[in-house]
Amino acid sequence: MAGGSQTSLKQQFQTIGEAVVIGSVYISLSAGLISFNKYVLQEDRFPHALQLTATHMFVTSLYSLILYCSAPQLYPSMETALANRASVLKYIAPLGLMFAVALFCSNK
């Protein structure tokens, strides 16, 4: 019994460690992208923040759709979301809009 408990604890620490690593990589990549965009979007380089933001959002949506079509098992809650489309849009659409505004403002 004690051996099973230790294995479970080890698995929990491994799961927590993986989450921390994945989260850290995501945050680092995001910060790097924002820094790169700030560098690129200086007036003498590429002063088109809105176009860059729109392209970024479009490409992200397109790649997400391609990934969903090719590997739907990566989206286990999609069936529930499609069944409750109105509820999902009620809560997710404002978040998407705020993300777009934040992305646009971070590129200014």
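Refer to the structure presented above.
Model, not experiment: these values are computed from the prediction. (Residues numbered from 1 in each chain as written. Predicted model: local features only at pLDDT ≥ 70, side-chain atom pairs only at ≥ 80, totals over all residues. Heavy atoms only, no water.)

Novice: So what exactly am I meant to see when it comes to the overall build of the chain here?
Specialist: What the chain contains, in helices and strands, is four helices and zero strands. When its helices and strands are written in sequence order, the chain yields α-α-α-α. Taking 108 residues into account, the globule formula puts the C-alpha radius of gyration at 13 Å, and the chain, at 19 Å, lies well above it. Dimensions of the chain along its principal axes, counting C-alpha atoms only, are 65 × 35 × 25 Å. Burial analysis of the chain (108 residues in total) assigns 9% to the buried set. Looking at the chain alone, contacts between residues at least 24 apart form 54% of all its contacts between residues at least 6 apart. Looking at the chain as shown, the accessible area adds up to about 8900 Å², and 70% of this sits on carbon and sulfur atoms. The distance from the centre of the 6 positive side-chain charges to the centre of the 4 negative ones in the chain is 6 Å. (Helix = DSSP H or I, 4+ residues; strand = E, 2+ residues; numbered from the N terminus. Rg over C-alpha atoms; globule rule 2.2 N^0.38 Å. Buried < 20%, exposed > 50% of the residue type's maximum accessible area, 1.4 Å probe, protein only. Contact = heavy atoms within 4.5 Å. Areas by Shrake-Rupley, 256 points an atom, 1.4 Å probe, with all protein chains shown as cover. Lys, Arg positive; Asp, Glu negative; His and termini not counted. Charge placed at Lys NZ, Arg CZ, Asp CG, Glu CD.)

Novice: What am I meant to see in the packing of helix α2 (residues 49-70) against helix α4 (residues 85-106) here?
Specialist: For any two helices packed against each other, one specifies the crossing angle of their axes together with the interaxial distance. One can describe the packing of α2 onto α4 by two numbers: an axis separation of 9 Å at closest approach and a directional angle of 135°. Accordingly, the angle class assigned to the pair α2 and α4 is oblique. Viewed along their axes, α2 and α4 form a crossing whose handedness is right-handed. Contacts between α2 and α4 involve Ala49, Leu50, Thr53, His56 and Met57 from the former and Gly96, Phe99, Ala100, Leu103 and Phe104 from the latter. Residue classes in the contact of α2 with α4 are distributed as seven nonpolar, three polar and no charged. (Axes fitted to C-alpha atoms, helices over the stretch in contact; angles between N-to-C directions. Parallel < 35°, antiparallel > 145°, perpendicular 65-115°, else oblique. Left-handed = near helix turned anticlockwise from the far one by under 90°. Nonpolar A, V, L, I, M, F, W, Y, C, P; charged D, E, K, R; others polar.)

Novice: Whenever I open this one, the packing of aromatic side chains confuses me. Can you help?
Specialist: What describes a pair of aromatic rings is the distance from one ring centre to the other and the angle between the planes of the rings. One pass over the structure, following the stated rule, counts one aromatic pair. Ring geometry for tyrosine 68 against tyrosine 75: centres 5.4 Å apart, planes inclined by 85°, an arrangement best described as edge-to-face. A relative accessible area of 26% means that tyrosine 68 is categorised as partly exposed. (Phe/Tyr/Trp six-rings, centres within 6.5 Å; stacked < 30°, edge-to-face > 60°.)

Novice: Can you help me understand a nonpolar patch on the surface in this one?
Specialist: On the surface, a cluster of nonpolar side chains totalling about 410 Å² of accessible area is made up of Leu9, Phe13, Ile16 and Val20. Summarising the element assignment, isoleucine 16 is placed in helix α1 (residues 2-40). (Patch = residues over 30% accessible without salt bridge, like charges linked within 9 Å, V, L, I, M, F, W, Y side chains within 5 Å. Salt bridge = Lys/Arg side-chain N within 4 Å of Asp/Glu carboxyl O.)

Novice: Please explain the environment of isoleucine 34 as it appears in this structure.
Specialist: With respect to the helices and strands, the residue isoleucine 34 is situated in helix α1. Taking the C-alpha atoms as reference points, isoleucine 34 and leucine 103, separated by 69 residues in sequence, lie 8.4 Å from one another.

Novice: Quick question: what am I supposed to make of α4 here?
Specialist: Along an α-helix, residues three or four positions apart point the same way, because every turn accommodates 3.6 residues. Taking 1.5 Å of rise per residue, the 22 residues of α4 would be expected to cover 32 Å, and the 30 Å separating its terminal C-alpha atoms lies within 8% of that figure. Maximal helix bending in α4 amounts to about 30°, located at isoleucine 92; proline proline 94 follows within four positions. (Expected span 1.5 Å × (residues − 1). Bend = angle between axes of the 7 residues up to and from the residue.)

Novice: Please explain the environment of leucine 50 as it appears in this structure.
Specialist: Topologically, leucine 50 is positioned in helix α2. According to the relative accessible area criterion, leucine 50 is exposed, its value standing at 55%. In this structure, the C-alpha to C-alpha distance between leucine 50 and alanine 100, residues 50 residues apart in sequence, is 9.8 Å.

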